[in-house]
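# Breakdown of the fold
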Amino acid sequence: MTTNGHTAANGLAGAIAPKPLHNPLGLLAELTHRCPLGCPYCSNPLEMDKREEELDTATWARVFREAAGLGVLQVHLSGGEPASRRDLADILAAARDAGLYTNLITSGVGVTDKRLNELADAGLDHVQISIQDSEPKSADRIAGYEGAYTRKRALAAAVVALKLPLTANIVIHRANIARIDELVAMALDMGASRVEIAHVQYYGWALKNRAALMPTRDQVEYAVGRIEPLRKQHHGRIVIDAVVPDYYARFPKPCVGGWGRRSLNVTPAGRVLPCHAAESIPGLEFWSVKDHSLREIWEQNPAFNAFRGTDFLPEPCQSCERREIDFGGCRCQAFALTGDARATDPVCHLSPQHHLVEEQAAIREDAEYVYRRL
Amino acid sequence: MNNPAAAPSILPDARPRLPRGVRLVHNEAQGGWVLLAPERVFKADPIAAEVVKRCTGEASFEAIVDDLAKTFGAPRERVLADVTALLQGLADKKLLEL
């Protein structure tokens, strides 16, 4: 309402002035690419940053201050496994000092009770633990780590004992998609107040393992159909958020809320990206926090402006009423599937290249996973 | 608007509070009050912010409604209905403990 009034008051000047940039809300801080697990759907790039390239504590503290100045409200401390960094508690304290809401995204492996207490004391707001399966053997096989299931459960119990809010992030694919009910029951049993049903998105390692991970349409329809009954059944006890499986969707997702619009991502080595997969698009040069302030990057890095807004989109997006809802979908997916990052995300059933998605979804092989390794 | 028979109710001596991991903050760059929660950000209009600010775990629900009715010079019944709807909605989303 105030926005409309503002535009009207600006008159012609408002009409010809460039559109003001949105403020980013969230910062994904990939503190390290090191991780004890080897999940075959990891969203990290195939080419990972090495330990010796990682930003130091002081640089992260500066990045958080600059992020808060840009309007960022929440920081997601992620990786790899963020606990692979010995200075994690100091990094977290710096984020809190900058006024940010802190979310720890962890595999659950490598966070000792002592470490968790340090993080809680440093002001940790929320913990998200990834869940591979409700069957221990299957869970450990997917993680590529013997004993991962047990260690995740133990960390969840410690988090809940500290009265920290817990989210179970359940990544769904062919090996566990039949167990939606069991997985949600497990999240409840862990004491999670929120569960994310995240169907695998095919970037990075997941793209490499696509045929081994891809569910059938029947499986997807069953899993998606269980969400509403489960929400009703557990209303008021656990919040269920579900991410629609890309390859079986009718419309594409509004990826990261629009390119360079609502969120940014800093890699372990300090490159700033509009999303974690952005480096898969060739021809974009991403600036580093080692050379620029976050504000300079947000406002001036040509890579951030490359797909901002909707002007670059072709038809059928240009005349589509959903243009400002999903921004034509995901640039990385458009590139991965069509070879053109400006194309309509072929997930959309209106895309002239939608058949590419259907063809890929039909390829399923029970091959061994290619585990994610540094 | 709500059917009174189906309207939710909150006990007068409930002491609503934000659970750990939910914080109300004021942020200039985002244009006002925001409620920060796990993986979620909610814009709070100034009235909602006044309500949530009072959910400290100390004041009873009854006292919060009285205080708001007085502060805003609004009919108590109306305030009771609005605040009940707001707080029950937050509790359903796990953003408030009643």
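Small disclaimer: the values here were computed from a predicted structure and weren't measured. (Residues numbered from 1 in each chain as written. Chains lettered and ligands numbered in written order. Predicted model: local features only at pLDDT ≥ 70, side-chain atom pairs only at ≥ 80, totals over all residues.)

Within chain B one finds three helices and three strands. Start at the N end of chain B and walk to the C end: the helices and strands fall as β-β-β-α-α-α. Here the C-alpha atoms of chain B give a radius of gyration of 13 Å, agreeing with the 13 Å that 2.2 N^0.38 yields for 98 residues. C-alpha extents for chain B along the principal axes are approximately 40 × 30 × 25 Å. The burial tally for chain B puts 23% of its 98 residues in the buried class. Long-range contacts, defined as pairs at least 24 residues apart, comprise 50% of the intrachain contacts of chain B with a sequence gap of at least 6. (Helix = DSSP H or I, 4+ residues; strand = E, 2+ residues; numbered from the N terminus. Rg over C-alpha atoms; globule rule 2.2 N^0.38 Å. Buried ≥ 20, exposed ≤ 12 C-beta atoms within 10 Å, placed from the backbone. Contact = placed C-beta atoms within 7 Å.)

Okay, the sheet that holds strand S1 (residues 26-30) of chain A next. Taken together, the nine strands give an open sheet; going across it, the order is S7-S6-S5-S4-S3-S2-S1-S8-S9 (chain A), and neighbouring strands pair in mixed fashion. The open sheet terminates on both sides in strands that have one partner only, identified here as strand S7 (239-243) and strand S9 (272-273) of chain A. (Pairing = 2+ DSSP bridges.)

Listed by partner, the interface residues are 19 residues for chain A and 15 residues for chain B. Split into classes, the residues belonging to the side of chain A that touches chain B amount to seven nonpolar, nine polar and three charged. (Nonpolar A, V, L, I, M, F, W, Y, C, P; charged D, E, K, R; others polar.)

All names here are of chain A. Of the consecutive residues Gly79 and Gly80, the connecting peptide bond is found in the cis state with omega at 10 degrees. In this structure, Gly80 sits in the loop between strand S2 (74-78) and helix H3 (88-97). A cis amide bond links Glu315 with the next residue in sequence, Pro316, at an omega value of 5 degrees. Mapped onto the elements, Pro316 comes out in the loop between helix H12 (302-305) and helix H13 (323-326).

Counting 132 residues, the largest nonpolar core has Ala67(A) and Ala187(A) as the members making the most contacts within it. Examining the composition of this core, we find that seven residues originate from one element, H3(A), more than from any other. (Core = buried A, V, L, I, M, F, W, Y, C linked by C-beta atoms within 7 Å.)

Residues and elements named next belong to chain A. Most of S2 sits out of view: five of its five residues are buried. Across five bridges, the pairing between S1 and S2 is parallel. Within S2, the position partnered with Leu27 by the bridge is Val75. Here four bridges tie S2 to strand S3 (residues 101-106), and the two strands are oriented parallel to one another. Within S3, the position partnered with His76 by the bridge is Asn103.

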